[in-house]
Amino acid sequence: GKATKMGWWDFWYMKINQWEANEVYLGDLNDMGMTGLEEELRMEYGKKLDREGATPLSLPVFPGVFQPTGGDIQWRGEE
């Protein structure tokens, strides 16, 4: 229906004001510069969560980019 259609002016305005990839601040989302020990500790923490039946809670920021929240979701067993 017409409710889902966008006018040309709105489309043009949206495209003009769209963020470029280099304008997005990812901050701590990048794993660049991690030492081997930090990477190993992160892997161990992930394995520990897998054994406990939990998964880290992350929120989508941009397509393909997730911001960790520090919380965990219990998907197996008691909460």
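Everything below is about the structure printed above this text.
Here is what the cut-offs are and how they apply
Residues numbered from 1 in each chain as written. Predicted model: local features only at pLDDT ≥ 70, side-chain atom pairs only at ≥ 80, totals over all residues. Heavy atoms only, no water. Helix = DSSP H or I, 4+ residues; strand = E, 2+ residues; numbered from the N terminus. Buried < 20%, exposed > 50% of the residue type's maximum accessible area, 1.4 Å probe, protein only. Contact = heavy atoms within 4.5 Å. Patch = residues over 30% accessible without salt bridge, like charges linked within 9 Å, V, L, I, M, F, W, Y side chains within 5 Å. Areas by Shrake-Rupley, 256 points an atom, 1.4 Å probe, with all protein chains shown as cover. Salt bridge = Lys/Arg side-chain N within 4 Å of Asp/Glu carboxyl O. Polar contact = N/O pair within 3.5 Å; in protein donor to acceptor, adjacent residues only side chain to side chain. Pairing = 2+ DSSP bridges.

Quick word on the overall build of the protein chain
Stage number 1. Along the protein chain, the regular secondary structure elements total two helices and two strands.
Stage number 2. Counted from the first residue to the last, the protein chain has its helices and strands arranged as α-α-β-β.
Stage number 3. Counting over 79 residues, the protein chain shows a buried share of 8%.
Stage number 4. Looking at the protein chain alone, contacts between residues at least 24 apart form 23% of all its contacts between residues at least 6 apart.

Re a nonpolar patch on the surface
Stage number 1. A cluster of nonpolar side chains, contributed by Trp-8, Trp-9, Trp-12, Tyr-13 and Ile-16, occupies part of the molecular surface with about 690 Å² of accessible area.
Stage number 2. The residue Trp-9 is located in helix 1 (residues 8–16) in this model.
Stage number 3. Look at Trp-9 and you get partly exposed, because its relative accessible area is 48%.

Some points on the environment of Asp-72
Stage number 1. If you trace the backbone, Asp-72 turns up in strand 2 (residues 65–74).
Stage number 2. Overall, the relative accessible area of 41% leaves Asp-72 in the partly exposed class.
Stage number 3. In sequence terms Asp-72 and Ser-58 are 14 residues apart; their C-alpha atoms lie 8.7 Å from each other.
Stage number 4. With residues near it in sequence (within four places) discarded, Asp-72 still touches Tyr-45, Leu-49, Ala-54, Thr-55, Pro-56 and Leu-57.
Stage number 5. Within the local environment of Asp-72, its side chain forms a polar contact with the side chain of Tyr-45, the two groups lying 3.3 Å apart.

Overview of the pairing of strand 1 (residues 54–62)
Stage number 1. Sheet topology places strand 1 next to strand 2; seven bridges connect them, and they run antiparallel. Each residue of the ladder has a partner; that of Phe-62, found in strand 2, is Val-65.

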